[in-house]
Amino acid sequence: KPAPPCTIVIFGAGGDLTKRLLMPALYNLAGSRLLDGTTTIWGVDHTDGSDDSWRKNLSDTMESFTKDETAEFHAKHIDPTAWGFVRDRLHYLKGDFLAPGTYEQIGEKIPGNAVFYLAVAARFFAPIVEHLGQAGLLKQGDGAFRRVVIEKPFGSDLASAQELNKRLLAVADESQLYRIDHFLGKETVQSIMAIRFANGMFEPIWRRDFVDHVQITAAETIGVEERGAFYEPTGALRDMVPNHLFQLLCMTAMEPPVSFDAEAVRTEKAKLVQAVQPVQPGDAVRGQYRAGTEQGRTVPGYRDEPHVAEDSRTETYAALKLTIDNWRWAGVPFYLRTGKRMTARRTEIAVHFKPAPYRLFRDTPVDQIAPNIVRIMVDPVQGMTTEFNAKVPGPSMQLGAVRSTFREGDFFRQEPNVGYETLLYDCLSGDATLFQRADNIEASWAAVEPLVKAWGAGGDPEPYESGSAGPKAADELLARDGRRWLPLD
Ligand code: BG6
């Protein structure tokens, strides 16, 4: 069903996000006929431009994706009907984000429903929303809605996230605010709810009685690329943990919601994050990549990347052990890790189950008995594996480790998706389930606050070679509990 009629106003029309993700997402939505025929898209930015130049620019970018297999969006060819639908609805407005005049002009362009998409640097979030409020553009009446989509990073610590929420909520209602976390747009992340709550065979054992521990990994092979200026004051912890990894954590560990209503789901997520105990520096490891090889090519160390200080202490890797103090998870460690320039790209959740209660198969050496693991694979493969023991064929009773794999593409036709389609569609349709509520964000920052403080106070991250599995101390973090990270390759 197409989304309701709406004017979409994109702040940051000339930015990277608009080109790489928003336009492909709108194109895919148009291709699936999910946009209303009256949809209008206004791009706002401070540089000179016109409808024609913006349309031309974005058409060229869309075309260039057909030649770039590494882009988030890649298609063999651009369908002229779907892209034409989007292109013909694009309009450009030159305007300073901080000047009231810009908002007067925007006001003249939006007759009814509007979504304001903030594809801009974080320092503009509060000022833009305040200007929208002062110009009366957030007032909803006569059945028309006004919504704001806010990108990450949402704050840089607990205090700044609280302050940002306060400023936004002074001019907008919580129900108008759509705080994006693009991990929630990923198919398998949403599928975790289906796997857990639509089946009778996982949820009963998804708890402390049966689960030994959980590993959540978001490993990347790429380095910081051209984003040094953003990454230097940010680092792996802020960039990935209280947002993306905590969303994976919530989906994996929250209680079943009473419905899929946005408030019901978000309440369970908030309760889970509130049960996460603040992580102490002794339960966390930070690392920074040195030179090495990435897919056969020699790559520089982080400190030699553009816009990075020679003596930078910014972490490009973070690993931590979380404790969740609630009835279901007490005593079950959750180990989280994320890093750039690692051996392989892999985003996954691995739930490790406790072994069988006693050893019946004495002929099989203990170290050859496979641990039972359910792995939910988010990227680059989407699906799930279960790992368990079976009998090796032959006259003796020997155990062998086996694995059964479900890949999404084997069962379902996969829709073209850059991860933003669902999020955009949901926002247009008024479904906030996959967006972050203020309390969830603040509780996440509170959980990592001791680390933000301790790591900001000094000390060097532990070096690790590019193309490796991360710093040694991260192995020790698990080894002291008698456990090991799953290998990345
Ligand atoms: C972004 C981070 O939010 O997520 C990046 O700022 C990171 O540093 C990216 O590379 C990872 O997302 P994905 O979807 O590529 O796993």
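In what follows, the structure referred to is the one given above.
Keep in mind that this is a model prediction, so the values were computed, not measured.

Trainee: Residue-level account of the sheet that holds strand 3 (residues 90-94), with values.
Mentor: Within a sheet, adjacent strands bond to each other through the backbone by hydrogen bonds, running parallel or antiparallel. Spatial strand order, 3-2-1-4-5-6: six strands in an open sheet with parallel pairing. If you trace the sheet from one side to the other, it starts and ends with strand 3 and strand 6 (177-179), each paired once. Within this sheet the neighbouring strands show an average axis-to-axis angle of 20°, counted without direction. Pairing of strand 1 (residues 7-11) with strand 2 (residues 40-45), which is carried by five bridges, proceeds in the parallel orientation.

Trainee: So, the site of the ligand: which residues are in play, and what are the values?
Mentor: Looking at the ligand, the residues that line it are Lys152, His182, Phe183, Lys186, Glu220, Arg227, Asp239, Met240, His244, Lys340 and Arg345. Residue His182 places a side-chain N or O atom 2.8 Å away from an oxygen atom belonging to the ligand. Residue Asp239 places a side-chain N or O atom 2.6 Å away from an oxygen atom belonging to the ligand. Contact with the protein chains covers 82% of the free accessible surface of the ligand, which is 400 Å².

Trainee: Please provide a residue-by-residue account of the environment of Pro461, values included.
Mentor: One can find Pro461 in the loop between helix 13 (438-456) and strand 16 (462-466). It is 7.3 Å that separates the C-alpha atoms of Pro461 and Thr314, two residues lying 147 residues apart in sequence. Setting aside residues up to four positions removed in sequence, Pro461 forms contacts with Arg286, Gly287, Gln288, Arg313, Thr314 and Glu315.

Trainee: Provide a residue-level description of the side chain of Thr39, including the pertinent values.
Mentor: Along the chain, Thr39 turns up in the loop between helix 1 (16-31) and strand 2. With relative accessibility at 5%, the residue Thr39 sits in the buried group. Of the polar contacts made by the side chain of Thr39, one reaches the backbone oxygen of Asp36; its length is 2.5 Å. The residues touching Thr39, leaving out its near neighbours within four places in the chain, are Cys6, Ile8 and Arg89.

Cut-offs used in this document
- Residues numbered from 1 in each chain as written.
- Predicted model: local features only at pLDDT ≥ 70, side-chain atom pairs only at ≥ 80, totals over all residues.
- Heavy atoms only, no water.
- Pairing = 2+ DSSP bridges.
- Helix = DSSP H or I, 4+ residues; strand = E, 2+ residues; numbered from the N terminus.
- Axes fitted to C-alpha atoms, helices over the stretch in contact; angles between N-to-C directions.
- Near = heavy atom within 4 Å.
- Polar contact = N/O pair within 3.5 Å; in protein donor to acceptor, adjacent residues only side chain to side chain.
- Areas by Shrake-Rupley, 256 points an atom, 1.4 Å probe, with all protein chains shown as cover.
- Contact = heavy atoms within 4.5 Å.
- Buried < 20%, exposed > 50% of the residue type's maximum accessible area, 1.4 Å probe, protein only.

These values are about where atoms sit, not about what they do.
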